[in-house]
Amino acid sequence: MRGLVGLDVWWRACWLGACLGLAAWPALGAKVTLDPSNWGHPAGEACASCHAKSSGGLTKQWQDSAHAKAGVNCMDCHQAASEDADAIEHEGQVIATIVSPKDCGRCHATEVEQQQGSVHADAVALVGERVTALADNLTGPAMLAAGCDQCHGSVVKVRGDGTLDPATWPNSGIGRVNPDGSKGSCSACHGRHAFSRAQAREPEACVRCHAGPDSPDKEVYEASKHGMLYAANRDQMNLDSEQWVAGKDYSAAPTCATCHMGAAGKLPASHDVGMRDVWRLNSPVSERQYLVMFTDGAKRNLPESQEPPKRGAQFPKLDGVEAEVKFVVPPERRRQAMQAVCLECHSKAVAEGFMKQFDNVVELFNVKFAIPAKGIMADLYAANKLTPLPFDEPIELTYWELWHDEGARARHGASMGSANHAWWEGMYLVGRNFYGRFLPQVRELAGADAQAIIDRHVTDQPDHQWLKQPQQTNPILGFGGQGVVGD
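This is a predicted model, so every value here is computed, not measured.

**Quick look at the sheet that holds strand β7 (residues 314-316)**
Taken in spatial order, the 4 strands of this open sheet run β6-β5-β8-β7, and their pairing is antiparallel. Single-partner strands in this sheet number two, and they are β6 (299-303) and β7. In this sheet, adjacent strand axes meet at a mean angle of 55° when their direction is disregarded. Summarising the sheet, strand β5 (residues 289-294) and β6 pair through 5 bridges and their orientation is antiparallel. Bridge pairing in β6 places Met 293 opposite Lys 299. Docked against the sheet, helix α16 (residues 331-342) engages β5, β6 and β8 (322-329), running at close to 95° with respect to β5.

See the structure below:
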């Protein structure tokens with residue numbers, strides 16, 4: 001393996017044991033070890049009494065929650081120090097407007113540590129470069145707060161009077177940057193004020209954001225065999241189980257949380273949703289990914305084409321700040337972790353065969369469409385046939401949709417077992433628009449240079465040799481062959 005150093009003891013114990021069954025690993029979620037004397041704030045009862053009149057629904061959610069049953073009240077979560085950035089005085093108490101992961105971490109330390117190093121926590125940084133082109137230019141700045149931030153999160157700003165800037169609040173975006181410096185919102189999945197673990201295990205907790213062109217997981221999951229089984233057998237899912245281990249506490253169907261976060265056999269549960277992802281599927285060209293783990297708990301995906309850093313080296317995190325590398329997880333280990341979930345309900349041959357079919361679709365998209373299209377766009381920019389400004393020419397929208405919309409549906413459809421999204425809603429549209437829109441726009445833009453560009457990236461490549469056989473017949477359009485389609 002290029003540049004990979006020997007995996008340390010922690011890696012062997014956690015990953016090899018979990019993925020390959022070489023060592024036992026606890027399947028339970030982390031227990032709250034904080035002594036109960038640390039909660040039950042004396043002012044909390046007054047909060048509930050008042051809010052029962054002004055915010056009855058909110059109070060009822062809390063009253064029915066596991067927090068209330070354990071004696072955790074409003075002030076236990078909302079208490080703040082006067083010097084906190086979002087601290088305000090309310091009914092004689094100093095409270096925080098935002099209950100952040102840092103606050104939740106007073107009791108749920110393990111979950112917050114996992115979440116803070118996850119791809120979810122970096123959701124703001126991941127789209128930072130796209131905001132100007134999409135939220136400002138293509139639509140308008142108002143869409144940032146009402147659209148992008150509601151899923152990715154905002155950088156919450158506190159105004160001079162201590163109130164929160166409505167341009168950045170409210171939102172429960174998964175990567176929200178809070179005034180205390182923590183990232184994320186636990187209520188994005190565990191809706192306040194019930195903070196239900198069952199709710200977070202439901203597909204609906206994820207598909208609020210994972211739906212639509214760039215992350216079409218709602219429609220893909222619902223159209224898959226897994227989604228069908230879940231809909232038919234939801235009452236057998238044991239969603240409120242304390243452990244919720246696949247194959248033990250439930251076996252009727254997997255949800256998003258099962259595959260990306262859940263415990264299965266010796267594989268531990270985790271609040272880091274990206275640990276098991278081999279491919280980056282929402283990019284112009286998909287690549288397998290290393291996972292770079294830093295000593296400060298941060299993580300970063302690194303494409304396989306890039307040389308991974310050595311353990312102990314200084315390497316930039318996603319925000320550009322350099323940190324010490326703890327170790328690097330290769331794509332193969334990530335795949336083994338995901339397959340460990342599959343093996344609770346499927347044979348090894350089925351799991352490996354499915355993954356091979358998925359990998360083949362990604363490679364097909366890359367080689368036949370993504371790499372040629374990206375090469376053509378690079379040639380057009382280099383020849384000044386296009387301005388550097390995104391989306392001011394029709395072909396840029398066509399190219400964007402080719403990989404961001406249709407290509408994403410094809411890849412996600414193959415990864416999650418929806419044949420319709422892999423084909424008709426995915427790769428068919430990729431092919432239709434590559435040949436029917438993208439290449440004609442190239443010819444119009446490049447003029448006399450167009451054929452040479454298309455030949456270099458498309459016509460001369462093995463997957464496109466069929467274009468050199470214009471006389472070959474087929475009855476699919478209702479002409480040629482032995483008869484008319486539909487006869």
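**Looking at the state of the cysteines**
Under the criterion given, the structure shown has 1 disulfide. Here Cys 151 is linked by a disulfide to Cys 209, with a sulfur-sulfur distance of 2.4 Å. Taking the sign of the torsion about the S-S bond as the criterion, the disulfide between Cys 151 and Cys 209, at about -100°, is left-handed. Placement of the pair is Cys 151 in helix α10 (residues 142-152) and Cys 209 in the loop between α12 (203-207) and α13 (217-223), with a sequence separation of 58 residues. In this structure Cys 256 is a free cysteine whose sulfur lies 4.0 Å from that of Cys 206, the closest cysteine sulfur available. Not part of a disulfide, Cys 345 finds its nearest cysteine sulfur in Cys 342, a span of 9.1 Å. With relative accessibility at 53%, the residue Cys 345 sits in the exposed group.

**Re empty space enclosed by the protein**
All told, the structure shown has 1 cavity of 30 Å³ or more when counted by the stated rule. Estimates place the volume of the largest cavity at around 30 Å³. Residue lining of the largest cavity: Pro 284, Phe 365, Phe 369, Ala 370, Ala 373, Tyr 399, Leu 402 and Trp 403, and that is the complete set. The element best represented in the lining of the largest cavity is helix α17 (residues 348-382), accounting for 4 residues. A per-class count over the lining of the largest cavity returns 8 nonpolar, no polar and no charged.

**Digging into the environment of Gln 199**
Within the secondary structure, Gln 199 sits in helix α11 (residues 197-201). Overall, Gln 199 belongs to the partly exposed group, its relative accessible area being 35%. Along the chain, Gln 199 and Pro 390 lie 191 residues apart, while their C-alpha atoms are 39 Å from each other.

**Points about the confidence of the model for the protein chain**
Of the residues in the protein chain, 93% have a pLDDT of 70 or more, and the chain-wide mean is 91. Here residues 1-28 scores under 50 on pLDDT; set against residues more than four positions off or in separate chains, the count is 68 contacts.

**Concerning the pattern of salt bridges**
Within this structure, the stated rule accounts for 15 salt bridges. Its salt-bridge partner being Lys 299, residue Asp 272 comes within 3.0 Å of it at the nearest N-O pair. Residue Asp 272 is located in the loop between β4 (263-264) and β5, and its partner Lys 299 is located in strand β6; the two are separated by 27 residues in the primary sequence. As far as the burial class goes, Asp 272 and Lys 299 line up, both buried. Where Lys 385 meets Asp 449, a salt bridge forms, and the shortest distance between an N and an O atom there is 4.0 Å.

Basis of the calculations
- Residues numbered from 1 in each chain as written.
- Predicted model: local features only at pLDDT ≥ 70, side-chain atom pairs only at ≥ 80, totals over all residues.
- Heavy atoms only, no water.
- Pairing = 2+ DSSP bridges.
- Helix = DSSP H or I, 4+ residues; strand = E, 2+ residues; numbered from the N terminus.
- Axes fitted to C-alpha atoms, helices over the stretch in contact; angles between N-to-C directions.
- Contact = heavy atoms within 4.5 Å.
- Disulfide = S-S within 2.5 Å.
- Buried < 20%, exposed > 50% of the residue type's maximum accessible area, 1.4 Å probe, protein only.
- 1 Å grid on protein atoms, 1.4 Å probe; cavity = no way out; pocket = protein on both sides within 12 Å on 5 of 7 lines; lining within 4 Å.
- Points joined across faces, edges and corners; volume = space filled by probe spheres on them.
- Nonpolar A, V, L, I, M, F, W, Y, C, P; charged D, E, K, R; others polar.
- pLDDT = per-residue confidence, 0-100.
- Salt bridge = Lys/Arg side-chain N within 4 Å of Asp/Glu carboxyl O.

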